[in-house]
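One-letter residues, chain by chain:
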Amino acid sequence: MEMQQIKIIGAGLAGCEAAWQCARRGIRVELYEMRPVRTTPAHQTADFAELVCSNSLKSESENTAPWLLKEEMRRAGSLLIEIARECAVPAGHALAVDRALFSAKVTEVISRESLIRIVREEVAEIREHQLTIIATGPLTSDALSLEIARLSQAASVFDLTEGESGAGSRTGMSDPHEPRSHGHLYFYDSISPIVEADSIDMSKVYLAARYDKGTADYINCPMTKEEYERFLDALLSAEAVEAKEWEKLNYFESCLPIEEIARRGRDTLRFGPMKPVGLRDPRTGRPPYAVVQLRQENLRADSYNLVGFQNHLRFGEQARVLRMIPGLENAKFLRFGQIHRNTYINSPMLLNATQQMKAHPAVLFAGQICGVEGYVESIATGMLAGIHAAALVVGETPIAPPRATALGSLVNYITQADAKKFQPANITFDLLPPLEKKVRDRQLRHKMQCELGLGELSRWLAEIGRSQHAEVGQAL
Ligand SMILES: Cc1cc2nc3c(=O)[nH]c(=O)nc-3n(C[C@H](O)[C@H](O)[C@H](O)COP(=O)(O)OP(=O)(O)OC[C@H]3O[C@@H](n4cnc5c(N)ncnc54)[C@H](O)[C@@H]3O)c2cc1C
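Below is a summary of the structure that appears in this document. Just so we're clear, the structure is a prediction, and the values are computed from it rather than from any experiment. Along each chain, residues carry numbers from 1 onward, in the same order as the chain's sequence is written. Owing to the predicted nature of the model, reporting of local features is limited to residues with pLDDT of at least 70; listing and counting of side-chain atom pairs is limited to 80 or more, with chain, interface and lining totals taken over all residues. Note that water and hydrogens are dropped before the side-chain values are worked out from all heavy atoms of the structure.

With respect to the overall build of the protein chain
Part 1 of the reasoning: Strands are runs of DSSP state E lasting at least 2 residues, helices are runs of H or I lasting at least 4, and numbering of each runs from the N terminus. Across its full length, the protein chain holds 12 helices and 16 strands.
Part 2 of the reasoning: When a residue's accessible area, from a 1.4 Å probe over protein chains only, is under 20% of the maximum for its type it is buried; when over 50% it is exposed; and in between it is partly exposed. Looking at the protein chain as a whole, 59% of its 476 residues are labelled buried.
Part 3 of the reasoning: Here the analysis covers contacts within the protein chain between residues at least 6 apart in sequence; of these, 71% occur between residues at least 24 apart.
Part 4 of the reasoning: Accessible area for the protein chain stands at about 19500 Å²; split by element, carbon and sulfur atoms hold 51% of it. The criterion used for residue contact is that any of the two residues' heavy atoms lie within 4.5 Å. Here, Shrake-Rupley sampling with a 1.4 Å probe gives the accessible areas, and only protein chains in the shown set may cover a residue.

Here's the deal with the sheet that holds strand 9 (residues 194-196)
Part 1 of the reasoning: Only strands joined by at least two bridges in the DSSP assignment are considered to pair. Here we have six strands laid out as an open sheet, ordered 10-11-12-13-9-14, and antiparallel in their pairing. Only two strands of the sheet have a single partner each, and these edge strands are strand 10 (206-207) and strand 14 (333-335).
Part 2 of the reasoning: Examined bridge by bridge, strand 9 and strand 13 (residues 303-306) share three bridges and lie antiparallel to one another. Bridge pairing in strand 13 places Val195 opposite Tyr304.
Part 3 of the reasoning: Lines fitted to the C-alpha atoms define the axes, with helices restricted to the stretch that makes contact. Angles between their N-to-C directions range from 0 to 180 degrees. Docked against the sheet, helix 6 (residues 225-237) engages strand 11 (219-223) and strand 12 (290-296), running at close to 95 degrees with respect to strand 11.

Overview of the packing of aromatic side chains
Part 1 of the reasoning: The criterion for an aromatic pair is that two Phe, Tyr or Trp rings (for Trp, the six-membered ring) have centres within 6.5 Å, with stacked assigned to planes under 30 degrees apart, edge-to-face to planes over 60 apart and tilted to the rest. Counted under the stated rule, the structure contains four aromatic pairs.
Part 2 of the reasoning: Ring plane angle 25 degrees and centroid distance 4.9 Å describe the contact between Phe315 and Phe336, whose orientation is recorded as stacked. Here Phe315, found in helix 8 (residues 315-322), pairs with Phe336, found in the loop between strand 14 and strand 15 (338-345); they are 21 residues apart in sequence, far enough to count as distant.
Part 3 of the reasoning: Look at Phe315 and you get partly exposed, because its relative accessible area is 43%.
Part 4 of the reasoning: The class of Phe336 is buried, set by a relative accessible area of 17%.

Structural notes on the site of the ligand
Part 1 of the reasoning: Throughout this document, a residue counts as near a molecule or strand when at least one of its heavy atoms sits within 4 Å of that molecule or strand. Taken together, 33 residues are adjacent to the ligand, and Ala14, Glu33, Arg35, Gln368 and Tyr375 come closest.
Part 2 of the reasoning: Any pair of N or O atoms that falls within 3.5 Å is considered a polar contact. Within protein, one atom must be able to donate a hydrogen and the other to accept it, and sequence-neighbouring residues count only if both atoms are side-chain atoms. The contact in question runs from an oxygen atom of the ligand to an N or O atom on the side chain of Glu33, over 2.7 Å.
Part 3 of the reasoning: One of the side-chain N or O atoms of Ser141 is found 2.9 Å from a nitrogen atom in the ligand.
Part 4 of the reasoning: The protein chains hide 96% of the 970 Å² of surface that the ligand would expose on its own.
Part 5 of the reasoning: Take the shell around the ligand: its biggest share by element is three residues, from strand 8 (residues 184-191).

Points about the environment of Glu125
Part 1 of the reasoning: With respect to the element layout, Glu125 can be found in the loop between strand 6 (116-119) and strand 7 (130-134).
Part 2 of the reasoning: In this structure Glu125 comes out as exposed when scored by relative accessible area, which is 56%.
Part 3 of the reasoning: Residues contacting Glu125, with those up to four places away along its chain left out, are Lys7, Leu144 and Glu147.

A closer look at the environment of Glu71
Part 1 of the reasoning: For Glu71, the location among the structural elements is in helix 2 (residues 65-76).
Part 2 of the reasoning: Linking Glu71 and Ile81, residues 10 residues apart in sequence, is a C-alpha distance of 9.1 Å.

Here we look at helix 1 (residues 13-24)
Part 1 of the reasoning: Expected helix span is given by 1.5 Å per residue-to-residue step, counting one fewer step than there are residues. Between its terminal C-alpha atoms helix 1 stretches 17 Å, which fits the 16 Å expected from 12 residues at 1.5 Å a residue.
Part 2 of the reasoning: Within the span of helix 1, buried status applies to Leu13, Ala14, Gly15, Cys16, Glu17, Ala18, Ala19, Gln21, Cys22 and Ala23.
Part 3 of the reasoning: Positive backbone phi, at 80 degrees, marks Gly26, one or two positions downstream of helix 1.

If you want it as structure tokens, here you go:
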């Protein structure tokens, strides 16, 4: 392996966190970012760590799985989680950020770090023996996708010649609904629409948090049964963006377009993103028949996103259908919902527990491309890849986080899941190991799992801190 410095490809969430972790251990980094020279279908700026859809980093309620993951990252010294806290906007019990401020701050801190050299260029080639972290995300450029396919010896399975917007066809795959155990896979993700705050008719909506948990930061648009039925009919008959073969494939279950959810049954939306339970309308004293929730986008509170309303309709159709939501009759859309490619590798087949390629141990993967799903999960695997790569530089054997931690469970999932059915995952308690003793009470069980995880984390941090800091000291 060529060890003097670490090459990190992609200055997104995972790449920035990885670069920071290396630098804070005294290791030099070359951080490659292709924007603005070349952009992706979802990014809108040249800033690092841009949040392309929701501005939420999920729950901050103690003893939930997303909280545990963030808490572990805070204790391990995650830069991006720290910056997220500084840029937080009111969002009840969730950690949501002012997205522009967040990425501006990350860009500033990373650019200021003298051990990180930034190179604004698209990387299309990987040298297997050079210590490299690939963190190019779900919208990895086509040229690099081909290179990754080559590295994972799966190039023949894919035809990536359609270009950035074409999103690639699936030639060579016999059953598109069944992800195959080749090195490189695709599926598709969606973006929620955003409306201007001033265009919301506040006389028709109300502020509330579900079950009055946390502060009442969400704007709720209530629907009667008749309004819901009319909305559903309009949604089901609305024209989608031209359906291509690839659009029928592998929607990630927790990120389904609303029209796809609606097709599954007339009440399915009311049990999903339009769920009214716990959202009592103060004017009636009861929850409405269905509800659309709007979440604040930025600190200025001048825009709101429609929570869980990612969709694949034509923009004109979106405006028509979404304006049927009470309170949004005159909504001004700052962004419409969209669907984009999501590229990820088959990690169970390709990676070991420290995110190194089994076949090329100098090459590590981090972020969404390694098969985690979500902002925080991407930052988490970036943090780990940075820690592991820094250990490799000083000749240490990297140590994976313990299985009982959320970090360890996430990595355990991406490296141990069934390769034939591999699908990206968010952190949930399902990924954590069950307790040795059966505990019936769910809340108590989760609390105990969190305590166990945090205890194991301390042990791991002491272990990696001891070995790496000593070695870095010698190496410098
Ligand atoms: C459309 C869409 C919406 C999403 N919405 C959400 C959401 O609401 N909530 C959530 O939790 N997660 C969401 N995700 C999933 C995921 O959390 C985000 O994509 C997240 O940004 C992933 O972080 P990352 O660091 O892996 O990749 P990114 O943040 O995308 O960073 C990758 C970086 O690599 C750069 N790059 C790509 N190819 C090259 C190359 N060849 N050379 C150099 N640089 C390159 C890109 O420009 C980019 O800056 C969404 C994903 C997509 C695609």
